[in-house]
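Topology and contacts: notes
Chain residues, written in single-letter form:
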Amino acid sequence: LFGVVRKGRLDHRGVVYEKLWYWSDDLDGLRYDHGDAIDVEVKHNPARMDVVHVRVPGARNRAWIRAVARELTY
């Protein structure tokens, strides 16, 4: 997984990054473990903004979770 790592925000709607919304069923597990609204790291490929990878900084399980754009017309 190569890409640019930036900061994002996860809440009940999904991950917001650069005013774009991303979602994955696995993100609910992050919210359950770390709280309702948390800051996350977002890794993305600038040439392909329809998919990002998300993880919580400092968490025990630091695996990246794949999330796709809610609107595929991004």
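See the structure printed just above.
Notes on the structure in this doc start here.

Here we come to the side chain of Asp11. Along the chain, Asp11 falls in strand S1 (residues 4-11). Here the side chain of Asp11 touches Arg13 through a polar contact of 2.7 Å, side chain to side chain. Excluding residues within four positions of it along the chain, Asp11 makes contact with Trp21, Arg31, Asp36 and Ala37.

Counting residues in hydrophobic clusters, the biggest one holds 17 residues, and the most contacted among them are Leu10, Val15, Tyr22, Leu27, Leu30, Val40 and Val54. Breaking this core down by element, the ones donating at least two residues are strand S2 (14-17), strand S3 (20-23), helix H1 (27-34), strand S4 (38-45), strand S5 (48-55) and strand S6 (65-69). Apart from residues lying up to four places away in sequence, Val54 is in contact with Val15, Leu27, Leu30, Val40, Glu41, Ala63, Trp64 and Ile65.

Next up on the list: the sheet that holds S4. Read once around its circumference, the closed barrel built from six strands follows the order S1-S2-S3-S6-S5-S4, with strand pairing classed as antiparallel. Here the strands of the sheet are splayed against their neighbours by 40 degrees on average, with no regard to which way each runs. Of the strand pairs in this sheet, S4 and S5 are connected by five bridges, and their pairing is antiparallel. Bridging across to S5, Val42 finds its partner in Val54. Sitting on the sheet, H1 is in contact with S1, S2, S3, S4, S5 and S6, with an inclination near 70 degrees to S1.

Thresholds applied
Residues numbered from 1 in each chain as written. Predicted model: local features only at pLDDT ≥ 70, side-chain atom pairs only at ≥ 80, totals over all residues. Heavy atoms only, no water. Helix = DSSP H or I, 4+ residues; strand = E, 2+ residues; numbered from the N terminus. Polar contact = N/O pair within 3.5 Å; in protein donor to acceptor, adjacent residues only side chain to side chain. Contact = heavy atoms within 4.5 Å. Core = buried A, V, L, I, M, F, W, Y, C linked by side-chain atoms within 4.5 Å. Buried < 20%, exposed > 50% of the residue type's maximum accessible area, 1.4 Å probe, protein only. Pairing = 2+ DSSP bridges. Axes fitted to C-alpha atoms, helices over the stretch in contact; angles between N-to-C directions.

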